[in-house]
Structure formats: structure tokens, C-alpha cells
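# Observations on the model geometry
One letter stands for each residue in the lines below.
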Amino acid sequence: MYQTISKGIITSYVVGMFLAVWLGYYNLFAFRSGRFAGGIISVAVYCYVYSCLARLYKAFEIGICQIGEVIFSQLLAIGISDVAAYVECCLIARKYVDVLPGLLTAAFQVAGVTVWAVYSKQYLIRHVNASRTLVVYGKEGVEEFVQKLKQKYSHMFAIDELISSGTEKETLYAAIDRHDTVIFYEVEYGVRTGTMEYCLHNHKNLYLTPRITDILFQGFCSSTLVDTPLMQYEYRYLDDRTYRFKRKLDVAVSLLLLVVFAIPMLVAAAAIKIEDGGPVFFRQRRCTRGGRIFEILKFRSMVVDAEKDGAVIPCMDQDSRITRTGRILRRYRIDEMPQIFNVLRGEMSIVGPRPERVEHVREYTKELPEFVYRMRVNGGLTGYAQIFGKYNTSAGDKLKLDLMYIENQSLLLDLKLIMMTLKIMFLPESTEGFQETQSKKIGKWGQKMPDMAGKRLYR
């Protein structure tokens, strides 16, 4: 309820500011006849575009996002909406219209959302009580999961008890009765089904970490044969015809990116060369659709001999191997820009699962045989795991995120994820490195492998 009111307040303010400048100034240039109707339609379109972008970037999510992220999300939504409205005005008027009134309005909009974000968050923390929360776990790793929840969402979840899913039913149900919210962390199906029914019957807020099969169910559609309801699975990602429009989108977006980022890429290349005189590009063998191996292209962000003798040493927090130029490139994802050429060559798509190193795929599939499912589509420059995960997200969680994309892929979803990438590029936490223990574990996978470029790891 509080978030709905908060959303209404800021939407009214942002759209109200636009309405004032549009009807008071820009509408006079845009429409010579039917001025009132044209103005109302323009404001309605602006309201729709702003609301869609704000939802896409989670600009209303005061509860789950930090203040800085909310303000930046609002800045993106307002900026894109204002620019679109200004371009609309110039096109309709067929001449340049003074941009200054629009810039002043945008400044007031950003100032307003900043004040709104700060005070809304403070009010939420002070006056909205966190829900008493029970975590039911079925495997190890729950402590790290709970720690992350407490760090970011302590104002939402008051986690005061953890209990194993193997606990006797009476004890487990008694613990559930004492709480308002229940989170299932990696709970096995047999226990989960009965316990979920108990939670729903007693009106508990319920969260759960999905199993691989849960995500695969998203690829099913409902069907009936005779009088029997059935769920039919469609192999959409195995049909090459479904990639026809996706490939056209890949080429179009890649060419646009080359034009937009041409100068930043040239500056990055020059900076890398000037700093230590080493090669500008870094090549690495990765796996894409069907297990095909290719060489991914990146701007070099580490010292020349970062991985000696072919050893796999993933990047850690505060890694000393990263150059000064490299820190800037990684911070804003500029080091990934050369992969545009991989997309143009057809080795990658703009949107898809991140292509993993050959060594990582080999080891991940030993622990998670389902990991090969993510190679049913081309690897991507951006995607679910890149947007909703981090560099150091576990292989299991990356797999689940990528399968969510694979089972729901569409051209509209690709466009949505491309738009969301604009925000993720500026969030530092999405580039967090591995902790030292994680890096050492993965480093053990670095036995030198023969050159397999152009071949397939799996058939």
C-alpha cells in the first residue's frame, strides 16, 4: 500500500512538470491546429513511456533498491522520456525548438525524484515494520544467502530463525506459525510440496529458490487432448526460424553500437597501449551454441601475463593484476565492447547466456549436468545472468537465470533486456570479483588444454 502511494506521488510530480512545460511552451510549436487534443495525447504518451521505463528500471522499487539506484533509474526513465518528447516536438514542428525549457524542467524533475527517493526510503525504514521471517533450508550455503538478505533487505525481512527442511513436521509447522514470511532455500520437492500447502493454507508470505525443473516448466504451454488437460513443451530454441529476426536485431544493434562507441573504443585502445605497451586486445576460448568453441574478443584490462602457463585465475576483488586503465574499462563494461565483432561474425548474439570459458564449462557440467542446457542458444553480450546476477554469481544461479531467458525468449524480451543493460553498465556491484577462496577453487581447473577453436566441446 505504501509503495503504491509513493509511486502515485512521484508519477504525478514527474508527469505534472512535463505537462506544465509542454502545454506552456512546446505544444505551441508542435501543433498549429487541434492544439488542445494534440497536447493531451502528447502528455498521455509521455506518461505511458515514463511509467513503462520506470517499471523496467525498477525506479519505483523503494523497498528492494538502494536510494542511489532508484535515483539513477528515475534519471534514465525521465531522460529517455524527455528526449523522446523533445524529438517528437522538433519533428512535428519541422524545425529546431529551444531545448532550454526542457532542460530546466528535467533538472526540476531530477531534483524532485531525489528528494522523493531519500524521504520515501527513510519513511519506509522508520515506519514500516520488517516481516518476521523464517528460512527453511535444504542444503549448505544458507548462511551466505541469509547474510546477503540481511545486508540489503533488513528493512523488509526480520530473519530470526533458520530451520532444516529435515526437521520433524510438527516442529517445522510450529516454527512457520510463529512467522509471517517463509523463505524456502534449496528445499527438496518431497518436503517442499507439503510445507508449501501448509504455508498457503495459513496465509504466509512465501518465497522459494527454484529448482531447474521449475524453470523448465516455463517452457510449457497448456493443451487438452479429448477431455484431459496437458502441458506441452515447445522446443522453440531449437528451431532456426526463430533466430531469423533475432539475427537481424543482432546486426542492427551491433552496427549502431559501433557508431555510438567508436570514439570511446579508440580512446580505450590508445590508453591500453600507452599504459604498458602491451597488446590492446585479449582473446579467450569460450563455448557458444551447441558447445562450439570460439575466441571471444575483449579489451585487455589486466597485465600481459595475468594467467601464466594457461592457468585459470578468475578476477578477485581488488585484484592487483588489473591495470589502472583496466579498472575504468571494467567499471563501465567498456572492455566488453570488442565483442560486437563476435556478434557480427555470428559467434554471439546481443542477448543470450554469457559464453563461459572452455575450462569452466568442463568443470561446471561435472557438478551440474544441466549446465549444457544453456548452450542451446548463442552466447550473448548481455542477458538475464549479466543483468540480474554478478560476475561472481555461482554457476548454479547463473544457470537458473539463463534458463529463465531461454524458456521465455522472444524479440520483445530481447529489446527489454537491451534497455535494462543501459542501467546495469553503471552499477558497480554487478562487476564484483570472486572472493579469494572461490578464485583458488576455479583456478584448479586451469590445466592447459589443446587448441580447440572452431571445434565443439559437446555434441
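Residues numbered from 1 in each chain as written. Predicted model: local features only at pLDDT ≥ 70, side-chain atom pairs only at ≥ 80, totals over all residues. Heavy atoms only, no water.

Moving on, we come to the side chain of Thr323. In this fold, Thr323 is placed in the loop between strand E8 (293-299) and helix H11 (324-331). Once residues within four sequence positions are removed from consideration, Thr323 is found in contact with Glu275, Asp276, Ser301, Met302 and Val303. (Helix = DSSP H or I, 4+ residues; strand = E, 2+ residues; numbered from the N terminus. Contact = heavy atoms within 4.5 Å.)

What follows concerns the packing of aromatic side chains. For the structure shown, the criterion picks out 16 aromatic pairs. Taken together, a centroid distance of 6.1 Å and an interplanar angle of 85° make the contact between Tyr26 and Tyr86 edge-to-face. With Tyr26 in helix H1 (residues 2-30) and Tyr86 in helix H3 (residues 67-93), this residue pair connects regions lying 60 residues apart in the sequence. Taken as a pair, Tyr26 and Tyr86 share a single burial class, namely buried. Between Tyr364 and Phe371, the ring centres sit 5.0 Å apart and the planes meet at 55°, which makes this aromatic pair tilted. Note on accessibility: Tyr364 and Phe371 belong to one class, buried. Grouping aromatic residues by their ring pairs yields a cluster made of Phe18, Trp22, Tyr25, Tyr26, Phe29, Tyr46 and Tyr86. Its guanidinium or amino end placed over the ring of Tyr189, Arg211 lies 5.9 Å from that ring's centre, counting from NZ or CZ. (Phe/Tyr/Trp six-rings, centres within 6.5 Å; stacked < 30°, edge-to-face > 60°. Buried < 20%, exposed > 50% of the residue type's maximum accessible area, 1.4 Å probe, protein only. Lys NZ or Arg CZ within 6 Å of the ring centre and 35° of its normal.)

With that settled, consider unusual backbone geometry. Of note in the backbone geometry, Arg94 takes a positive phi value of approximately 60° without being a glycine. Relative to the helices and strands, Arg94 resides in the loop between H3 and helix H4 (100-127). Under the relative-accessibility criterion, Arg94 is labelled exposed at 77%.

What follows covers the packing of helix H10 (residues 262-276) against H11. At their nearest, the axes of H10 and H11 sit 9 Å apart, and the two run at 155° to each other. The orientation of H10 with respect to H11, classified from their angle, is roughly antiparallel. The handedness of the crossing between H10 and H11 comes out as left-handed. Residues Ala268, Ala271, Ile272 and Glu275 of H10 touch H11, and the partners they reach there are Arg324, Thr325 and Leu329. For the contact of H10 with H11, the class distribution of residues is four nonpolar, one polar and two charged. (Axes fitted to C-alpha atoms, helices over the stretch in contact; angles between N-to-C directions. Parallel < 35°, antiparallel > 145°, perpendicular 65-115°, else oblique. Left-handed = near helix turned anticlockwise from the far one by under 90°. Nonpolar A, V, L, I, M, F, W, Y, C, P; charged D, E, K, R; others polar.)

Let's shift gears to the state of the cysteines. For the coordinates displayed, the defined rule picks out zero disulfides. You can see Cys47 has no disulfide; the closest cysteine sulfur is in Cys52, sitting 9.3 Å from it. In this model Cys90 remains outside any disulfide bridge; the closest cysteine sulfur is found in Cys89, 5.6 Å from its own. Classification of Cys90 as buried rests on a relative accessible area of 15%. (Disulfide = S-S within 2.5 Å.)

Our focus in this paragraph is the confidence of the model for the chain. Here the chain averages 86 in pLDDT, and 88% of its residues register 70 or above. A low-confidence stretch, residues 436-443 (pLDDT under 50), is modelled with 14 contacts involving residues beyond four sequence positions or located in other chains. In this model residues 445-450 is a low-confidence stretch, pLDDT under 50, and it forms 17 contacts with partners more than four residues away in sequence or in other chains. (pLDDT = per-residue confidence, 0-100.)

Another aspect to go through is the sheet that holds strand E3 (residues 181-185). Strand order in this open sheet of four strands is E2-E1-E3-E4, and the pairing throughout is parallel. Edge positions in the sheet fall to strand E2 (157-164) and strand E4 (205-208), since each has one partner strand and no second. The mean inter-strand angle of the sheet, taken between neighbouring strand axes irrespective of direction, is 20°. Of the strand pairs in this sheet, strand E1 (residues 131-137) and E2 are connected by seven bridges, and their pairing is parallel. Along E2, the bridge assignment pairs Val135 with Leu162. (Pairing = 2+ DSSP bridges.)

With that settled, the discussion passes to the nonpolar core. In terms of nonpolar packing, the biggest core is built from 80 residues, with Trp22, Tyr50, Phe299 and Leu417 touching the most fellow members. The element best represented in this core is H3, accounting for nine residues. Residues contacting Phe299, with those up to four places away along its chain left out, are Met265, Ala268, Ala269, Ile272, Val280, Phe281, Leu329, Ile334, Asp335, Met337 and Pro338. In this structure, Leu172, Ala175, Val187 and Tyr198 belong to the second largest nonpolar core, which totals twelve residues. (Core = buried A, V, L, I, M, F, W, Y, C linked by side-chain atoms within 4.5 Å.)

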